[in-house]
Amino acid sequence: MGRHLKVNPLVCTGCRIHESVCSFVHYGVINPAVSRAKTKRFDDSRDEVKFCQNCEPAPCIDNCSTLALRKKEGVVSIDEELCILCGICEEICPYEAVSLHPEKKTPLICEVCEKCVTICPSGVIELKEDFRE
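**Structural notes on the nonpolar core**
Working step 1: Grouped together as the largest cluster of nonpolar side chains are 28 residues, with contacts concentrated most on Leu 5, Val 7, Phe 51, Cys 60, Leu 69, Val 76 and Ile 125.
Working step 2: For this core, the secondary-structure elements that each account for two or more residues are strand E1 (4-7), helix H2 (59-62) and strand E5 (75-78).
Working step 3: Once residues lying within four places of it in the same chain are set aside, the contact partners of Val 7 are Cys 12, Val 49, Phe 51, Val 124 and Ile 125.

**Thoughts on the pairing of strand E3 (residues 47-50)**
Working step 1: Where strand E2 (residues 38-41) meets E3, 4 bridges bridge the pair, whose relative direction is antiparallel. Its bridge partner being in E3, Lys 40 is matched across the sheet by Glu 48.

**A look at the state of the cysteines**
Working step 1: For the structure on display, the rule yields 0 disulfides.
Working step 2: Lacking any disulfide linkage, Cys 64 is separated from the closest cysteine sulfur, that of Cys 86, by 6.3 Å.
Working step 3: As a non-bridged cysteine, Cys 113 has Cys 116 as the owner of its nearest cysteine sulfur, 6.2 Å distant.

**Looking at the packing of aromatic side chains**
Working step 1: Counted according to the given criterion, the structure contains 0 aromatic pairs.
Working step 2: Lying across the ring of Phe 42, Arg 46 places its NZ or CZ 4.3 Å from the centre.

**Some points on unusual backbone geometry**
Working step 1: Residue Glu 56 is joined to Pro 57 through a cis peptide bond whose omega torsion reads 0°.
Working step 2: Topologically, Pro 57 is positioned in the loop between E3 and H2.
Working step 3: With a phi angle near 60°, Leu 67 is a residue other than glycine that sits in the positive phi range.
Working step 4: One can find Leu 67 in the loop between H2 and strand E4 (69-72).
Working step 5: Take Leu 67: its relative accessible area is 54%, and that puts it in the exposed class.
Working step 6: A positive phi angle, near 55°, is found at Glu 73, a position not held by glycine.

**Focus on helix H1 (residues 17-27)**
Working step 1: When we look at burial in H1, the residues that qualify are His 18, Glu 19, Val 21, Cys 22 and Ser 23.
Working step 2: Where H1 terminates, the next one or two residues include Gly 28, which has phi positive at roughly 75°.

Each value, and the rule that gives it
- Residues numbered from 1 in each chain as written.
- Predicted model: local features only at pLDDT ≥ 70, side-chain atom pairs only at ≥ 80, totals over all residues.
- Heavy atoms only, no water.
- Core = buried A, V, L, I, M, F, W, Y, C linked by side-chain atoms within 4.5 Å.
- Buried < 20%, exposed > 50% of the residue type's maximum accessible area, 1.4 Å probe, protein only.
- Helix = DSSP H or I, 4+ residues; strand = E, 2+ residues; numbered from the N terminus.
- Contact = heavy atoms within 4.5 Å.
- Pairing = 2+ DSSP bridges.
- Disulfide = S-S within 2.5 Å.
- Phe/Tyr/Trp six-rings, centres within 6.5 Å; stacked < 30°, edge-to-face > 60°.
- Lys NZ or Arg CZ within 6 Å of the ring centre and 35° of its normal.

Given below as structure tokens:
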């Protein structure tokens, strides 16, 4: 895996502040629907935060027919001009970490900007460096 964010689910409070911060940093709005990180709540009240793990090999990149997805410095990035909005990256992500922008339909993929790391009130989001490319 490349550079990615990780959350300790045993300590996470499920506040979802990272979703608000992410949407504001990238789109200027507070809207979890456009966050590049998602939180899944289970019936037993556990929360699982999903970030792109920058897999190696990366199924999203390997299956992108237009080469809109590629890695830059160990992080998956998207060239929205090349994206044909097919959604394959969302379907194929083994971590369920890719979602599609509700209006633009472009992939929402964490680019490890680390804003959520600094804002997390529980301090449970951590940066992992692992460059095996």
